Amino acid sequence: MTIDSNQKELIASWPQSSISQAEAPAPLTHSLEMVTPGLLVALLLTLELLQLHALRADPPSVCLPARFDVIGPTEPVLAAVGNDAELPCRLSPNVSATHMELHWFREAPSWATLLHRDPQGRAEEPAPEFRGRVTLEADSIAEGRAAARIHRVRAADEGDYRCLFRDDTSSGEAAVRLRVAALGSDPHISMEVQASGEIRLECTSVGWYPEPQVQWKTPSEAKFLSTSESRSPDPEGLFTVVASMIIRDMSLENVSCCIHNLLLGQQKEAGISMSAPIVPRLTPWQVAVAVILAVLGLLTTGSIVFIWRLYKDRFRERKSEFSSKEKLLEELKSKKASLHAVNVTLDPDTAHPHLFLYADSKSVRLEDSRQKLPDKAERFDSWPCVLGREAFTSGRHYWEVEVGDRTDWAVGVCRENVIKKGFDPLTPENGFWAVELYGNGYWALTPLRTPLPLAGSPRRVGVFLDYDSGDVSFYNMTNGSHIYSFPSVSFSGPLRPFFCLWSCGKKPLTICSVADRPEKVTVIADAQALSKDIPLSPTGEEPASGDADTLHSKLIPLQPCQKAP
């Protein structure tokens, strides 16, 4: 039996009384050779029993670490679009995490919760973009491992994620990066021969992520740059690639389009052969048919051109005849309208405070200064407008307005009860029938403003109202031409003359006096054939004498007007 040094020390320290005097005549410290083998075995057994008793009396305590670390993968997790991605996370040391709170969330590009689990097993609802697509791999949670699985990965799932473990005393977290990739469709190459003889190739492919790289090459690995490239994402975030190039070297027979996904290290390639003739060879009968069709096409085109020119000449002649007749009719209408001239004056109670009326109530101008006037219901407070005193409920009425070389004006008629407060549009729907000069252009105040291409600028505008037939027409009294007529409408309620100025100026807008109208209307001889369709008197019969027809208007009596300031 071999005795080690520890046993020797134990034996040396053993009480001397345990060795009989007969067997140990000398101290044990002096020599161990005097110990008999039986006594040595007894001593060793006694030592083992004492150690076992000490272990049973005071068992060793198990010490758990006060802190833990959370460890994630050192490399990014790569997942293909449409597949599942597992994001691993574990504790170090490998202690149980069943009593801990676990929280998975995305940190970038935008914060969003994937999973949240507390020790009681309650789970928090994930963010909308992950709802129904995330599960917890919790089979090894007792060993400190918990992975989040994202199902049906999308391109938008790419980013940085974190897992967090927390207990009552400490917490820790680790980062996991998810990279997403998608291999797109096989490239499709289209070929187009341009007028210059050059060949344009276009390569198209869809469903790539991230943005791929496009390379044109020949079988000998000669590479070309694209003339143009575009990469546009679809609603799912996958890229559609369109690349084109121009072939000027006609000796090239084959060209390939290679699209690389650098993240996956994979590519897709398609080639096209340019050795085949671009224009197919035609047989003799095909050539004959093509020639016949070309001749027939030329004959048909010539016939169409001849008929069109003949029709165009006939149309031009009829249009010229119609224009002459139309012009003659408009001249007669203008002269007929002047037979119903009425004396129109301005009503100061309706004038906007920036409008200054002259003492004769016939002229008005717009000033920058504002007058202090009573705020009456009938006064315009927004549009710089004024009405005439006279109101018409039937009959025909005509008056003229001297606009001169003023700019920015409007004249016409309106209902007496139009809204005069605010900025309601001056259109027939709101009770206004007027024309205007604004911004170097003439317009009819229709809902979309009708442009009026006039031959010359009118210095005097005639306004004709036929209440009973619903006609409102305007004439250029400088040359007697027709300006515009509103579509017929059925009037209801009184109508009053309407005037508006859009810009300031010293030159006023003036209503012409009745005394200025012609006393006699002379109709040219060539127009007598048309006069039967346009009566020259309000009753439809020619007047007995050359005197002008008397006023045929029904006026609503108004209060005497006030003098303009």
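The structure contained in this document is the topic of the report that follows. (Residues numbered from 1 in each chain as written. Predicted model: local features only at pLDDT ≥ 70, side-chain atom pairs only at ≥ 80, totals over all residues. Heavy atoms only, no water.)

1. So, unusual backbone geometry
Cis geometry marks the peptide bond from S92 to P93, where omega comes out at 0°. Looking at the element boundaries, P93 is found in the loop between β4 (90-92) and β5 (101-108). Going from Y209 to P210, the amide bond is cis rather than trans, its omega being -10°. If you trace the backbone, P210 turns up in the loop between β12 (199-208) and β13 (213-217). Non-glycine residue R152 carries a positive phi angle of around 50°. Along the chain, R152 falls in the loop between β8 (147-150) and β9 (159-166). Judged by its relative accessible area of 46%, R152 is partly exposed. The backbone phi angle of S361 is positive, close to 60°, even though this residue is not glycine. Among the secondary structure elements, S361 is positioned in the loop between β19 (355-357) and β20 (363-366). (Helix = DSSP H or I, 4+ residues; strand = E, 2+ residues; numbered from the N terminus. Buried < 20%, exposed > 50% of the residue type's maximum accessible area, 1.4 Å probe, protein only.)

2. Here's the deal with the packing of aromatic side chains
Evaluated as defined, the whole model comprises 14 aromatic pairs. With 5.9 Å between their ring centres and 25° between their planes, F105 and W111 make a pair best called stacked. Residue class for F105 comes out buried when judged on its relative accessible area of 10%. In this structure W111 comes out as exposed when scored by relative accessible area, which is 54%. Here Y209 and F239 contribute two aromatic rings whose centre-to-centre distance is 6.1 Å and whose plane-to-plane angle is 20°, an arrangement assigned as stacked. Note that Y209 is positioned in the loop between β12 and β13 and F239 in strand β16 (residues 239-247), a separation of 30 residues in sequence. Relative accessible area serves as the criterion here: at 11%, F239 is assigned to the buried category. An aromatic cluster of at least three residues, connected via ring pairs, comprises W308, Y311 and F315. The residue whose ring lies beneath R449 is W443, and the NZ or CZ to ring-centre distance is 4.2 Å. (Phe/Tyr/Trp six-rings, centres within 6.5 Å; stacked < 30°, edge-to-face > 60°. Lys NZ or Arg CZ within 6 Å of the ring centre and 35° of its normal.)

3. Some details on the environment of E378
Inspection of the secondary structure puts E378 in the loop between β20 and β21 (385-387). Note on E378: relative accessible area 32%, which makes it partly exposed. In this structure the C-alpha to C-alpha distance between E378 and K421, which are 43 residues apart in sequence, comes to 8.7 Å. Once residues within four sequence positions are removed from consideration, E378 is found in contact with D349, T350 and K420. (Contact = heavy atoms within 4.5 Å.)

4. Quick look at the pattern of salt bridges
Applying the stated rule across the entire model yields 26 salt bridges. E125 is the salt-bridge partner of R131, the closest N and O atoms lying 3.1 Å from each other. The structure contains a network of salt bridges with shared partners spanning E86, E137 and R149. (Salt bridge = Lys/Arg side-chain N within 4 Å of Asp/Glu carboxyl O.)

5. Brief notes about the pairing of β16
For β16, the tally of buried residues reaches seven of nine residues, placing the bulk of the element in the interior. Pairing of β12 with β16, which is carried by eight bridges, proceeds in the antiparallel orientation. Bridge assignment links C203 to a residue of β16, and that residue is A243. Across six bridges, strand β15 (residues 228-233) lies against β16 in antiparallel orientation. (Pairing = 2+ DSSP bridges.)

6. Let's talk about a nonpolar patch on the surface
A contiguous nonpolar patch, built from W285, V287, V289, V291, I292, L293, V295, L296 and L299 and spanning about 870 Å² of accessible area, is present on the exposed surface. Counting through the fold element by element, V291 comes out in helix α3 (residues 284-338). (Patch = residues over 30% accessible without salt bridge, like charges linked within 9 Å, V, L, I, M, F, W, Y side chains within 5 Å. Areas by Shrake-Rupley, 256 points an atom, 1.4 Å probe, with all protein chains shown as cover.)

7. Some words on the nonpolar core
Core analysis: the largest hydrophobic core is formed by 37 residues, its most contacted members being W399, W409, V411, V472, F474, F499 and L509. Core analysis: the second largest hydrophobic core is formed by 35 residues, L87, L114, L178 and F239 among them. (Core = buried A, V, L, I, M, F, W, Y, C linked by side-chain atoms within 4.5 Å.)

8. Structural notes on the sheet that holds β8
In any sheet, the strands associate via hydrogen bonds between backbone groups, in a parallel or an antiparallel arrangement. Here we have three strands laid out as an open sheet, ordered β3-β8-β7, and antiparallel in their pairing. Whereas interior strands pair on both sides, the edge strands pair on one side only; in this sheet they are β3 (85-87) and β7 (134-137). With direction set aside, neighbouring strand axes in the sheet form an average angle of 25°. Relative to β8, β7 runs antiparallel, the two being bridged by four bridges. Within β8, the position partnered with V134 by the bridge is I150. (Axes fitted to C-alpha atoms, helices over the stretch in contact; angles between N-to-C directions.)

9. Here we look at the side chain of D347
Here D347 lies in the loop between α3 and β19. From its side chain, D347 meets the backbone nitrogen of D349 in a polar contact 3.1 Å long. (Polar contact = N/O pair within 3.5 Å; in protein donor to acceptor, adjacent residues only side chain to side chain.)

10. Focus on the sheet that holds strand β17 (residues 254-261)
Taken in spatial order, the four strands make up an open sheet running β14-β13-β17-β18, and their pairing is antiparallel. Strands at the two margins of the open sheet, each flanked by one partner only, are β14 (223-224) and β18 (266-273). Sheet analysis places β13 next to β17, joined by five bridges and oriented antiparallel. Among the inter-strand pairings, W216 is bridged to a residue of β17, identified as C257.

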